[in-house]
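Chain and residue survey
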Amino acid sequence: MTTTHPLTTARDRVPDSRSTVTLKAAMAISGLIMVLFLLVHMYGDLKVFSGRAAFDDYARYLRTMGEPFLPYSGALWVTRVVLLAFDSRERKSPPLTVS
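Residues numbered from 1 in each chain as written. Predicted model: local features only at pLDDT ≥ 70, side-chain atom pairs only at ≥ 80, totals over all residues. Heavy atoms only, no water.

To continue, consider the confidence of the model for the protein. With 70% of its residues at a pLDDT of at least 70, the protein reaches an overall mean of 80. Per-residue pLDDT, averaged within each element of the protein, yields its smallest value for helix α3 (residues 74-91) (79) and its largest for helix α2 (residues 52-64) (89). (pLDDT = per-residue confidence, 0-100. Helix = DSSP H or I, 4+ residues; strand = E, 2+ residues; numbered from the N terminus.)

So, about unusual backbone geometry. Its identity as a non-glycine residue notwithstanding, Ser73 has a phi of 60°, on the positive side. In this structure, Ser73 sits in the loop between α2 and α3.

All right, on to the pattern of salt bridges then. Between side chains of opposite charge, a pair can form as their charged atoms come close. Taken as a whole and judged by the stated rule, the model has 1 salt bridge. We note a salt bridge from Asp57 to Arg60, for which the minimum N-O separation is 2.9 Å. Residue Asp57 and its partner Arg60 are both found in helix α2; the two are separated by 3 residues, about one turn of the helix. Take Asp57: its relative accessible area is 44%, and that puts it in the partly exposed class. (Salt bridge = Lys/Arg side-chain N within 4 Å of Asp/Glu carboxyl O. Buried < 20%, exposed > 50% of the residue type's maximum accessible area, 1.4 Å probe, protein only.)

Attention now goes to the packing of aromatic side chains. Evaluated as defined, the whole model comprises 1 aromatic pair. On the numbers, 5.9 Å between centres and 80° between planes, the contact of Tyr43 with Tyr58 is edge-to-face. With Tyr43 in helix α1 (residues 20-46) and Tyr58 in helix α2, this residue pair connects regions lying 15 residues apart in the sequence. Residue class for Tyr43 comes out partly exposed when judged on its relative accessible area of 48%. Taking the relative accessible area as the measure of exposure, Tyr58 reaches 13% and is therefore buried. When the ring centre of Trp77 is taken as origin, the NZ or CZ atom of Arg80, which lies over that ring, is 4.4 Å away. (Phe/Tyr/Trp six-rings, centres within 6.5 Å; stacked < 30°, edge-to-face > 60°. Lys NZ or Arg CZ within 6 Å of the ring centre and 35° of its normal.)

Right, here's the structure in full:
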């Protein structure tokens, strides 16, 4: 026997895209992407201490990464778009509710 709360209607339910589980999963995924970006960026910055040739090789690698499938510096543009999408999504403020 299933019972439902008498005051809960279909109109009062939160859509699946705005549920707390979905929002927490989206936050975890975006946080993981940001941390991975930070680690790769830190690795690249540390190449400065290995010398000019090592840093230039790293910069060249970033531009040619995924080149058979992506155009020249295509992976950098994909990374930029993904980071901007997550950044703009996090900056949106939640709607105000008046009670």
